[in-house]
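A look at the structure
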Amino acid sequence: MNDKLVGQPLVRKEDPRLLRGDGRYLDDLGRGALAAAFVRSPVAHARITGIDVDEALDVEGLVAIYTHEDLPGRIAEPLPLLIPHPDLTHPRTPYCLANGEVNHVGEAVVMVVATDRYLAEDVAERIRVTYEDLPPVVGIDQARAGERLVHEDAPGNVAARSVQTNGKGEAHEAIASAPHRLALDLHIERSASMPMEGKGVLAHWDADDRTLRVHSSTQTSTSVRLAVAAKLELPPDRVEVITPDVGGGFGVKIVHPWPEEILVPWAAMTLGRDVKWVEDRREHFTSSAHERAQQQHVEVGFDEAGRLLGLSVEIWHDNGAYVPYGIIVPIVTSTQLLGPYKVGAYRVEFTSLYTNTVIVTPYRGAGRPQGVFAMERTMDAIAEYLGMDRLAVREANLIQPEEMPYDQGLVFQDGRPLIYDSGDYPTMLRMIRDLVGWDGFEAERAAAAAEGRRIGIGIGAYVEGTGMGPYEGAHVKVETTGEVVVSTGLTTQGQGHYTSLAQIAADVLGVGVGDVTVITGDTRRFKYAVGTFASRAIVTSGNAVAIAAAKVAEKAKRIAAAALGDGVAPEDLELVDGRVRRRADPATAIDLRTVAVLSNPLRYAFDEETKAATQFAAATATGEEPGLEATGYYMPERSTYAAGAHGVVVETDPETADIRILRYCVVHDCGVVVNPRIVEGQVHGGVAQGIGGALYERIVYDDAGQLVNASYMDFLIPFATEVPHIQTAHMVTASGLNPLGLKGAGEAGVIPTSAVVASAIEDAEGLAVRRMPISPSELYELRKARQARKEQVSA
Amino acid sequence: MTEQVHQITVTVNGVARRGEVPARRLLADFLRMDLGLTGTHLGCEHGVCGACTLLLDGVPVRSCLILAVSADGHAVTTVEGCCEAGGELGPVQQAFQDCHGLQCGFCTPGFITTITAYLEENPKPTEEEAREAIGGNLCRCTGYQNIVKAVLRAADLKRERESADE
Ligand code: FES
Ligand code: FES
């Protein structure tokens, strides 16, 4: 038997192509296509009073200008509400092109099509839109006040209000009767996924075939297909959606259909020409999606040992101008807040609020970083209050391995009960304690202090629901060349699926990873899929590939048994090294590629290979469908729960308040690991985004609703010089929910970063950090405020 | 309005390429739109991310900030030109695969060209220097850990290959 490929840190199969510059990203396609550009709202909230295109009409290269008035049928209706929820009582979604009113800077008002992008922008620049300003609602405070309204018919700016309790008693009573109580007010600011490649759409209408082919830089081609078909009123079978190479997603590209995903295909059909739109960076800032912004009020009751007896959390969530993706983010915050801890009575209430800003949809972590921030800040506050070690408070509250599966008593974002399937949280905390050097830290602190340096340590843990349903599928086929082709409907944005899924298929079929070609995100090849988000791809598609490949292996054995004759039964056979052979007698074997030939009984031969399968040649299996291929689906019963703990040591400059990370440590458990090299890379990338979110990145709106830092110059994504060396350690508690024992890994790195950095800064400075991200000037202000309080007290 | 076009000749990856471009066409767009060399990517179009980095007469520049007309008469090396003569991966490219220095691959061409030029100047960087060398390029996927490793590995590979050639 070959050594198992699952578990090996193989280098990626997709890399050579990408490294040579042979990648095919959206903007690399459709040379010669017409280019679309958009006139977007320069104001946050206004009625449109006029659109004047006169000056634009003599630009050479102009092909078409469209406003809302020009849009027919369902294209003129608001975009769909993707994830309805009973608590989402006032859902509002945008139009493809603004219908008389704009609700955020960047909202699309006019679409222009021209012969190239330069000219399209010339046209866009010459179109005059006049606006009558309405008062903008910016920030959670203004939204909560409810004096100004984003949507006239959404009172108090409330899109949704939702309450969950864990069924372990009344939280307020538990808090009131607890020996100790604390309350915390917390804030997290806006950030964004910010993939290096923005969105983009290319559409080709084949008028003869009446088929629409759409390429989109999306995280879900199958669902874009259905959405486009519905909006354009085409039979789904006439629409193909292909996801080419994607330059990162991190959540923003799961939203669909974007206005451009409807408008560009519609323009291509209308004009009978290929049309392409590629988002520029400013457009990405002002018209894609953001995340994170929340205010939280936490009340907690606990005992002498720091055990949580009652926890009540109120969340005000800024959902931006519209809610096409529903209320997934605050649901995830509310439910994943509990982390690896057992809490007495828990009550969480969130209010999801409209503001005149870009929509808010999941960004890697998808509400978890905010939840973990709330929980871990609470743990630290309890430790401070009781004078306990911060790790000891956490240990006192951990769910124990023998309590698994553990039911948190809540409903998760997949609509299923939040039941942790497996995990060993005490070991996880022990590992992070060692890795970050918790026990020796006081000596380290003293040594630093002796040099006039100020350092602090922080720690935090999380649990992440991954691999949710409804399902993923795969088609596995052995070609007569021996090549194995695996097609799965979900998309890929850099997670290495061409390699990891190949490892899974290769193990089942007894071939090398080089023999397997993986195809993703192409509805021509596989039509049924959900998408790549929420750390679900390897769990759902990985298991689907294994299931489909196992069916192929069984079929191969049946066909091989018939061909080998001589009383050989399928059960006697195994697939090894590209051959189907007898376990007891490996010399009795047949090549897998020959089995593929035999699997398709032929009347006509066209080469040596195919001769073998003709009617007067060898024995082909009877009663089999032609083709050595099979389709398999994996439908999880519910999510599987990965977990991790991070530890960080920071140094703060006593003079300048500069904050520097000295070391960053990660303990990570995502069950059985298919490719450790890829998982490690996912963790690194997540941590870097977490550090960005903790110290550098924030989306800033001014009072008028202008996004003031809509460029890479001003929105500070960390460079290599800002990301410290990341030390990782892995543990494996296999999931019992799926055949391969997998849990997802895509989001892990980013989840607790703000929480642990806040913890470490608090530890270094001895002052409460309640708001993230934190800049040196904000730390400086915190110090000044503390100084002022001290002086007041002494006066 | 019609745009005036200019004749230019740019040596791209060793081959003289002629073109007719409007004065405002970016060098990146000339390569991508006119020549179909789409390895050079645009991440921001305002000079910050470095995805569009290529070598102009051997020096790394941001092709989103340079007009095609100003490259007239100059030599350009893009990521496509960082392969070995036989088409195999060049040392920097190979190092990126070995070290898992890329995920989505969108930022990668800018890193490959930047590092290629850097190793000419400093063939044996320390880890600290390697980190500095890539300090002007953004990557949203990798957290840079493996890119730093790839710089060091590329330096080794380059030396090995050069000494094998001698
Ligand atoms: S595209 Fe040139 S620096 Fe970003
Ligand atoms: S690999 Fe995706 S941005 Fe660098």
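Note that the structure is a prediction, hence the values are computed from the model and not measured. (Residues numbered from 1 in each chain as written. Chains lettered and ligands numbered in written order. Predicted model: local features only at pLDDT ≥ 70, side-chain atom pairs only at ≥ 80, totals over all residues. Heavy atoms only, no water.)

This part is about the overall build of chain A. Along its length, chain A carries 19 helices and 29 strands. Taken over the C-alpha trace, chain A has a radius of gyration of 28 Å; the compact-globule value for 795 residues is 28 Å, and the two agree within 12%. The dimensions of chain A, computed from C-alpha atoms along their principal axes, are 105 × 75 × 50 Å. At a minimum sequence separation of 6, the contacts of chain A that also span at least 24 residues come to 80%. For chain A, the computed accessible surface area is about 27,500 Å², with 50% contributed by carbon and sulfur atoms. (Helix = DSSP H or I, 4+ residues; strand = E, 2+ residues; numbered from the N terminus. Rg over C-alpha atoms; globule rule 2.2 N^0.38 Å. Contact = heavy atoms within 4.5 Å. Areas by Shrake-Rupley, 256 points an atom, 1.4 Å probe, with all protein chains shown as cover.)

Time to look at helix H10 (residues 390-397) of chain A. All names here are of chain A. For H10, every residue scored as buried is listed here: Arg390, Leu391, Val393, Arg394 and Asn397. Angular distribution of buried residues about the axis of H10 spans 160 degrees; they occupy a single face of the element. Its buried side turned inward, H10 meets strand S14 (308-320), helix H9 (368-386), helix H11 (425-436), strand S18 (454-466) and helix H18 (753-765). Two or three places before Leu391, at the start of H10, stands the capping residue Asp389, its side-chain oxygen 3.2 Å from that residue's backbone nitrogen. (Buried < 20%, exposed > 50% of the residue type's maximum accessible area, 1.4 Å probe, protein only. Arc of directions from axis to C-beta. Polar contact = N/O pair within 3.5 Å; in protein donor to acceptor, adjacent residues only side chain to side chain.)

The next point concerns the nonpolar core. Judged by nonpolar contacts, the single largest core of 175 residues is most densely connected at Leu311(A), Tyr420(A), Tyr712(A) and Phe96(B). Per-element tally for this core: the top contributor is H9(A), with eight residues. Not counting residues within four places of it along the chain, the set of residues in contact with Tyr712(A) comprises Met194(A), Pro195(A), Met196(A), Arg281(A), Phe285(A), Ile717(A), Gly43(B), Cys44(B), His46(B), Val48(B), Cys49(B) and Leu138(B). (Core = buried A, V, L, I, M, F, W, Y, C linked by side-chain atoms within 4.5 Å.)

Many analyses report the size of an interface as the accessible area lost when the parts associate. Contact residues are listed per partner, giving 58 residues for chain A and 56 residues for chain B. Summed over the three residues of chain A that lose the most area to chain B, namely Leu19(A), Tyr118(A) and Met196(A), the buried surface amounts to 18% of that side. Our count for the chain A to chain B interface comes out at five salt bridges. Where Arg32(B) meets Asp27(A), a salt bridge forms, and the shortest distance between an N and an O atom there is 3.2 Å. On inspection of chain A and its partner chain B, the count reaches 31 residue pairs in polar contact (both at pLDDT 80 or more). Looking at the side of chain A that touches chain B, the elements that each hand over two or more residues are helix H1 (15-19), helix H2 (117-125) and helix H17 (676-696) of chain A. For the side of chain A that touches chain B, the element with the highest residue contribution is H17(A), accounting for eight residues. (Buried area = accessible area lost by both parts, 1.4 Å probe. Salt bridge = Lys/Arg side-chain N within 4 Å of Asp/Glu carboxyl O.)

What follows covers the pattern of salt bridges. All names here are of chain A. Under the definition given, this model contains 62 salt bridges over all chains. Close ionic contact of Arg190 with Asp318 constitutes a salt bridge, the shortest N to O distance being 3.2 Å. One end of the pair, Arg190, is in the loop between strand S8 (180-188) and strand S9 (200-206); the other, Asp318, is in strand S14, with 128 residues separating them in the sequence. When sorted by exposure, Arg190 lands in the same class as Asp318, which is buried. Ionic pairing is found between Glu376 and Arg394, a salt bridge with its closest N-O pair at 2.5 Å. Pair noted here: Glu376 is in helix H9 and Arg394 is in helix H10, with a separation of 18 residues, a long-range link. You'll find Glu376 and Arg394 in the same group, each marked buried. Among the charged side chains, a network of salt bridges with common partners joins Arg40, Arg117, Glu121, Glu260, Asp280 and Glu283.

To continue, consider unusual backbone geometry. That bond from Gly469(A) to Pro470(A) is cis: its omega, 0 degrees, falls within 30 degrees of zero. Residue position: Pro470(A) is located in the loop between S18 and strand S19 (472-478). Cis geometry marks the peptide bond from Met772(A) to Pro773(A), where omega comes out at 0 degrees. A positive phi angle, near 60 degrees, is found at Asn157(A), a position not held by glycine. Tracing the chain through its elements places Asn157(A) in the loop between helix H3 (139-145) and strand S7 (158-165). Judged by relative accessible area, which is 1%, Asn157(A) ranks as buried. A positive phi angle, near 50 degrees, is found at Asp57(B), a position not held by glycine. Mapped onto the secondary structure, Asp57(B) falls in the loop between strand S3 (53-56) and strand S4 (59-62). Overall, the relative accessible area of 46% leaves Asp57(B) in the partly exposed class.

Let's shift gears to the sheet that holds strand S10 (residues 211-216) of chain A. Residue and element names in this part refer to chain A. One open sheet accounts for seven strands, arranged S3-S5-S1-S12-S9-S10-S11; its pairing is mixed. A strand with exactly one partner marks an edge of an open sheet, and here the two such strands are strand S3 (62-66) and strand S11 (239-242). Pairs of neighbouring strands in the sheet enclose a mean axial angle of 20 degrees, with direction left out of account. In this structure, strand S1 (residues 34-40) lies alongside strand S12 (residues 275-278), joined through two bridges in parallel fashion. Bridged to Leu34 within S12 is Val275. Contacting S10 and S11, helix H5 (residues 221-232) runs over the sheet at an angle of about 145 degrees to S11. Of the strands in this sheet, S1, S3, strand S5 (108-114), S9, S10 and S12 are in contact with helix H6 (residues 259-271), which crosses S9 at around 30 degrees. (Pairing = 2+ DSSP bridges. Axes fitted to C-alpha atoms, helices over the stretch in contact; angles between N-to-C directions.)

What follows is about the domain arrangement of chain A. Residue and element names in this part refer to chain A. For chain A, the assigned domains read domain 1 (32-134 + 193-287), domain 2 (294-468 + 637-792) and domain 3 (469-634). Taken together, the contact between domain 1 and domain 3 spans 18 residues of the former and 18 residues of the latter. Considering only the side of domain 1, the residues that lose the most area to domain 3 are Gln219, Thr222 and Arg225, jointly responsible for 38% of the buried surface there. There are zero salt bridges connecting domain 1 and domain 3. Between the two partners, domain 1 and domain 3, sit seven residue pairs in polar contact (both at pLDDT 80 or more). (Domains from an automatic or database assignment.)

Here we take up the sheet that holds S14(A). Residues and elements named next belong to chain A. Read across the sheet, six strands follow the order S7-S15-S14-S13-S8-S29 without closing on themselves; strand pairing throughout is mixed. Of all the strands in the sheet, just S7 and strand S29 (771-772) have a single pairing partner and so form its edges. Here S7 pairs with strand S15 (residues 345-354) via seven bridges, running antiparallel. Following the sheet pairing, Val158 is matched in S15 by Leu353.

With that out of the way, let us pick up a nonpolar patch on the surface. Residues and elements named next belong to chain A. Residues Tyr528, Tyr633 and Met635 make up a contiguous nonpolar surface patch of about 340 Å² in total accessible area. Assignment of secondary structure puts Met635 in the loop between strand S25 (629-634) and strand S26 (640-652). Classification of Met635 by relative accessible area gives exposed; the value is 57%. (Patch = residues over 30% accessible without salt bridge, like charges linked within 9 Å, V, L, I, M, F, W, Y side chains within 5 Å.)

Residue and element names in this part refer to chain A. In contact at an axis separation of 10 Å, H5 and H6 are set at 55 degrees when each is read in the N-to-C sense. If you check the angle between H5 and H6, you find them oblique. Here H5 runs over H6; the crossing is right-handed. Here Val224, Ala227, Val228, Lys231 and Leu232 of H5 come into contact with H6, specifically with Glu261, Ile262, Pro265, Trp266 and Met269. (Parallel < 35°, antiparallel > 145°, perpendicular 65-115°, else oblique. Left-handed = near helix turned anticlockwise from the far one by under 90°.)

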